[in-house]
Amino acid sequence: MKAAAESARTVSQREITAQIDRIAAGHRGKRDEPRLDYPPYRSSLLRHPRSPFVRVDPDELERCAPCFGREDVDPLDADLTAGHPGEPIGERIIVTGRVLDTAGRPLAGQLVEIWQANAAGRYHHERDQHPAPIDPNFIGVGRCLTKPDGTYRFLTIKPGPYPWRNHQNAWRPAHIHFSVFGTAFTQRLVTQMYFPGDPLFSLDPIYQSIVDPIARQRLVATYDHDVTEPEYAIGYRWDVVLGRRPCLN
């Protein structure tokens with residue numbers, strides 16, 4: 001029975017990998033954005049837009065949208081290890097970079113938000129029932145405003161990988177969710193930052209939904225020894241560029 005179960009898991013992952021390879025071969029070099037209807041990522045078939053976008057008055061939306069400023073974002077909001085009775089469990093990391101436009105100009109005063117799983121790969125959320133421990137000293141959310149040079153900086157714990165039910169024995173690579181707003185709330189971008197050298201990259205349909213390998217690599221942070229603090233935290237650097245890049249030919 002155990003051998004049969006192991007065989008079923010292997011075949012299932014092999015099928016997912018084969019799908020990923022077929023799609024990549026058919027779209028290589030054509031575009032650097034993620035596929036919205038990406039069969040290996042099963043829920044994308046139900047969740048991606050199928051109808052034309054609805055045109056609305058942006059001024060009307062902005063009058064109803066929330067607002068924020070420096071008095072609303074505390075500097076301690078960027079330290080995900082603080083504000084609890086004890087120290088969170090896991091590897092301390094510093095994640096920093098710059099928010100830029102497509103011309104390379106820094107974007108100051110941008111609200112950057114992050115959320116993530118803890119070191120055991122579990123979110124502090126009631127819908128996450130993964131049988132991994134909840135860390136009472138780690139909530140996994142933070143925010144900051146970019147500085148005049150476009151820089152953001154977070155102190156946090158390196159998240160762990162976690163299982164998801166896209167297919168048999170499916171695991172997400174360790175990642176941090178990022179949200180940035182551009183110049184308005186209607187321009188919000190939500191993306192994910194990954195860590196270098198993760199062995200799950202080739203098996204993850206979400207990561208692989210960006211079929212161009214050069215574009216896909218932009219999601220991976222770079223280890224930065226200058227950011228690393230001695231005997232305290234490992235440093236990673238990851239820049240965010242807001243705006244559309246031209247599609248590849």
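Keep in mind it's a predicted model, so treat the numbers as computed, not measured.

**Let's talk about the packing of aromatic side chains**
Link 1 in the chain: Evaluated as defined, the whole model comprises 11 aromatic pairs.
Link 2 in the chain: For the pair Tyr194 and Tyr207, a centre-to-centre distance of 5.1 Å together with 70 degrees between the ring planes defines the contact as edge-to-face. Placement of the pair is Tyr194 in strand β8 (residues 189–194) and Tyr207 in helix α4 (residues 205–208), with a sequence separation of 13 residues.
Link 3 in the chain: Assessed through its relative accessible area of 1%, Tyr194 is described here as buried.
Link 4 in the chain: A relative accessible area of 4% means that Tyr207 is categorised as buried.
Link 5 in the chain: Between Phe201 and Tyr207 the ring centres are 4.4 Å apart and the planes differ by 15 degrees, which places this aromatic pair in the stacked class.
Link 6 in the chain: Since its relative accessible area comes to 12%, Phe201 is described here as buried.
Link 7 in the chain: An aromatic cluster of three or more residues is present, and its members are Tyr152, Phe154, Phe178 and Trp238.
Link 8 in the chain: Sitting over the ring of Phe195, Lys158 keeps its end group 5.1 Å from the ring centre.

**Examining unusual backbone geometry**
Trans peptide bonds make up most of the peptide bonds, and negative phi angles are found at most residues other than glycine.
Link 1 in the chain: Positive phi outside glycine occurs at Asn169, with the angle close to 60 degrees.
Link 2 in the chain: Of note, Asn169 is situated in the loop between β5 (162–164) and β6 (170–172).

**A few points about the sheet that holds strand β7 (residues 175–180)**
Link 1 in the chain: Taken together, the four strands give an open sheet; going across it, the order is β3-β2-β7-β8, and neighbouring strands pair in antiparallel fashion. Of all strands in the sheet, those bounded by a partner on one side alone are β3 (141–145) and β8. Direction aside, the axes of adjacent strands within the sheet are offset by 25 degrees on average.

**Digging into the UniProt feature "domain: Intradiol ring-cleavage dioxygenases" (unreviewed entry) in the protein**
Link 1 in the chain: UniProt's feature table lists "domain: Intradiol ring-cleavage dioxygenases" (unreviewed entry) at residues 95–123, given in the numbering used throughout.
Link 2 in the chain: Secondary structure content for residues 95–123 is 0% helix and 45% strand, and the end C-alpha separation is 19 Å.

**Digging into the pairing of strand β1 (residues 92–101)**
Link 1 in the chain: Burial of β1 is extensive: eight of the 10 residues sit out of reach of the surface.
Link 2 in the chain: Looking at chain direction, β1 and strand β4 (residues 151–157) are connected through seven bridges and run antiparallel. Bridge pairing links Thr96 to Arg153 in β4.
Link 3 in the chain: As defined by bridge partners, β1 adjoins strand β10 (residues 234–237) across four bridges and the pair is classed as parallel.

**Topic: the nonpolar core**
Burial of nonpolar side chains together is a common tendency in soluble globular proteins.
Link 1 in the chain: Judged by nonpolar contacts, the single largest core of 24 residues is most densely connected at Val112, Tyr152, Phe154, Ile176, Phe178 and Met193.
Link 2 in the chain: Residue assignment for this core shows that the elements contributing at least two residues are β1, β2 (111–116), β4, β7 and β11 (240–242).
Link 3 in the chain: Of all hydrophobic cores here, the second largest spans 13 residues; its members include Ala170, Tyr207, Val211 and Leu219.

Quick notes on the rules
- Residues numbered from 1 in each chain as written.
- Predicted model: local features only at pLDDT ≥ 70, side-chain atom pairs only at ≥ 80, totals over all residues.
- Heavy atoms only, no water.
- Phe/Tyr/Trp six-rings, centres within 6.5 Å; stacked < 30°, edge-to-face > 60°.
- Helix = DSSP H or I, 4+ residues; strand = E, 2+ residues; numbered from the N terminus.
- Buried < 20%, exposed > 50% of the residue type's maximum accessible area, 1.4 Å probe, protein only.
- Lys NZ or Arg CZ within 6 Å of the ring centre and 35° of its normal.
- Pairing = 2+ DSSP bridges.
- Axes fitted to C-alpha atoms, helices over the stretch in contact; angles between N-to-C directions.
- UniProt positions renumbered as here; feature names shortened; annotations may be inferred.
- Core = buried A, V, L, I, M, F, W, Y, C linked by side-chain atoms within 4.5 Å.

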